[in-house]
Amino acid sequence: MFVMTETVFPYPSRLEQKSKKKQTIIIGLVVLVIVIVGIFLFTRKSEKTEGNKDSISPTQEATPTEKPKVEKSAVKIQVLNGTGTPGQAGKAVKVLEDAGYSTDNIKSDNAEKYDNTITTVSSKSGFEDIASDIKSNLQSTFDEVTVESINLATDSEFDIVIVTGGKLYEESSSSSSSTSSSSSSSSSTSSVTPSPTSTPTPTP
């Protein structure tokens, strides 16, 4: 006897539910994988950045180039008597010698004019520190000392030129006596002092 059985098919709604569950699971797995990969990549990037920070050495500040030190004994100096007062340049030379400058490199002479009320110090470019040192030393002997802002020419024979200043030298006038020629001659001989143009000597 042949018995016919009915084939029972699952309801379409159940099939749809199973399909949705599978899709949800797959989507969840994909999202989970993406999240894990993202965390992994972010962690590696952070570690790499920190490693680069540690390996980068701090930038060293550029140190200013030091000026070559000029030896005092090698500085060539000219001292000019700028007031006409005898021996004034010699006083400046003595101060320089005591400060450590070589006598062999110091030359003294009279200035062209005797109208310098302030002692001035001029220097070649690169000798500004020496000029400042000389100024500070001369201030013990001269009332007012200044460093000229204009540098000497590069082809100048001297590295430093000093022109002494202060009270201008005045020639004493001779008092001539009208009573006798002998007293007049003796008075003129004793009272006449050397003129600034010929006698004032810068040397001691």
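Residues numbered from 1 in each chain as written. Predicted model: local features only at pLDDT ≥ 70, side-chain atom pairs only at ≥ 80, totals over all residues. Heavy atoms only, no water.

1. Remarks on helix α3 (residues 128-138)
Restricting attention to buried positions, one finds in α3 the residues Ile130, Ala131, Ile134 and Leu138. Down the axis of α3, the buried set is contained in an arc of 100 degrees. They therefore lie on one face. Turning to α3, the residues buried within the fold contact β1 (77-81), α2 (88-98), β3 (119-123), β4 (145-147) and β5 (160-163). (Buried < 20%, exposed > 50% of the residue type's maximum accessible area, 1.4 Å probe, protein only. Helix = DSSP H or I, 4+ residues; strand = E, 2+ residues; numbered from the N terminus. Arc of directions from axis to C-beta. Contact = heavy atoms within 4.5 Å.)

2. Things to note about the pairing of β1
Burial runs high along β1: five of the five residues are buried. Side-chain alternation along β1 places Ile77, Val79 and Asn81 on one buried face and Gln78 and Leu80 on a second face that is also buried. For the segment spanning β1, α2 and strand β2 (residues 106-110), crossover handedness is right-handed. With four bridges joining them, β1 and β5 adopt parallel strand pairing. If you follow Ile77 over to β5, its bridge partner there is Ile160. (Right-handed = clockwise from strand over helix to strand, strands pointing away. Pairing = 2+ DSSP bridges.)

3. Looking at α2
Looking at α2, one finds that the buried residues are Gln88, Ala89, Gly90, Ala92, Val93, Val95 and Leu96. Tucked inside the fold, the buried residues of α2 contact β1, β2, α3 and β5. In the stretch just after α2, Gly100 is the one whose phi turns positive, near 105 degrees.

4. Some thoughts on the pattern of salt bridges
A complete count under the given rule lists four salt bridges for this structure. Between Asp133 and Lys72 there is a salt bridge; the shortest N-O distance is 3.3 Å. Taken as a pair, Asp133 in helix α3 and Lys72 in the loop between α1 (12-55) and β1 lie far apart in primary sequence, 61 residues in all. Since its relative accessible area comes to 23%, Asp133 is described here as partly exposed. Look at Lys72 and you get partly exposed, because its relative accessible area is 28%. For Lys124, the salt bridge identified is with Asp159, shortest N-O distance 3.8 Å. Taken together, the residues Lys124 in the loop between β3 and α3 and Asp159 in the loop between β4 and β5 connect sequence positions 35 residues apart. Given the relative accessible area of 14%, Lys124 is considered buried. Since its relative accessible area comes to 10%, Asp159 is described here as buried. (Salt bridge = Lys/Arg side-chain N within 4 Å of Asp/Glu carboxyl O.)

Worth remembering: the numbers are spatial, not functional.
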